[in-house]
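For reference, the chains in residue letters:
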Amino acid sequence: MDEHLYIIAYDISDQKRWRSIFKLLHGYGEWLQLSVFQCRLSRRRHAELIATLDEIIHHKEDHVILLDLGPADSIKPRVVSLGKDFQPAERAPVIV
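Here is a short report on the structure shown in this document.

Conventions we followed
- Residues numbered from 1 in each chain as written.
- Predicted model: local features only at pLDDT ≥ 70, side-chain atom pairs only at ≥ 80, totals over all residues.
- Heavy atoms only, no water.
- Helix = DSSP H or I, 4+ residues; strand = E, 2+ residues; numbered from the N terminus.
- Buried < 20%, exposed > 50% of the residue type's maximum accessible area, 1.4 Å probe, protein only.
- Contact = heavy atoms within 4.5 Å.
- Polar contact = N/O pair within 3.5 Å; in protein donor to acceptor, adjacent residues only side chain to side chain.
- Expected span 1.5 Å × (residues − 1).
- Arc of directions from axis to C-beta.
- Patch = residues over 30% accessible without salt bridge, like charges linked within 9 Å, V, L, I, M, F, W, Y side chains within 5 Å.
- Areas by Shrake-Rupley, 256 points an atom, 1.4 Å probe, with all protein chains shown as cover.
- Salt bridge = Lys/Arg side-chain N within 4 Å of Asp/Glu carboxyl O.

**What about the environment of R45?**
Its place among the elements puts R45 in helix α2 (residues 43–56). On the accessibility criterion, R45 (31% relative accessible area) is partly exposed. Put simply, R45 and Y28 are 17 residues apart on the chain and 8.2 Å apart in space, counted from C-alpha to C-alpha. For R45, the contacting residues outside a window of four places in its chain are G27 and Y28. At 3.2 Å, the side chain of R45 and the backbone oxygen of G27 are in polar contact.

Following this line, the structure appears as structure tokens:
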């Protein structure tokens, strides 16, 4: 599968919208820190996520960034992590 590894960080001014985005991103990836997720996304899932985020955020008040680290299966992120180790998201089965 052609997936890329993304680090997604967000700064949302409203607590209700923040919770909505947190719940949304939990469906797409792994929570790293308060407002930071890592996600393995195909082009389709990336487009779906962008469209949904675009509907939720207030463009004049909120900020979301998606950092594309490259192909998920071959990328070896160079990360300095203090405290708990950083582990890149692995491909895993999804139970529905």
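**So, helix α1 (residues 15–26)**
Between its first and last C-alpha atoms α1 spans 16 Å; for twelve residues at 1.5 Å apiece the expected length is 16 Å, and the two agree. Every buried residue of α1 is accounted for by R17, W18, I21, F22, L24 and L25. Looking straight down α1, one finds that the buried residues subtend no more than 165° of arc, so they occupy a single side. Exposed residues pointing more than 90 degrees away from the buried face of α1 are listed as K16 and K23. Of the surrounding secondary structure, the elements contacted by the buried residues of α1 are β1 (4–11), β2 (29–33), β3 (36–41) and α2. You can read the cap of α1 off the contacts: a side-chain oxygen lies 3.1 Å from the backbone nitrogen of K16, and it is on D14.

**Concerning a nonpolar patch on the surface**
Judged by side-chain polarity, I65, L67 and L69 come together as a nonpolar surface patch covering roughly 210 Å² of accessible area. Among the secondary structure elements, L69 is positioned in strand β4 (residues 63–71).

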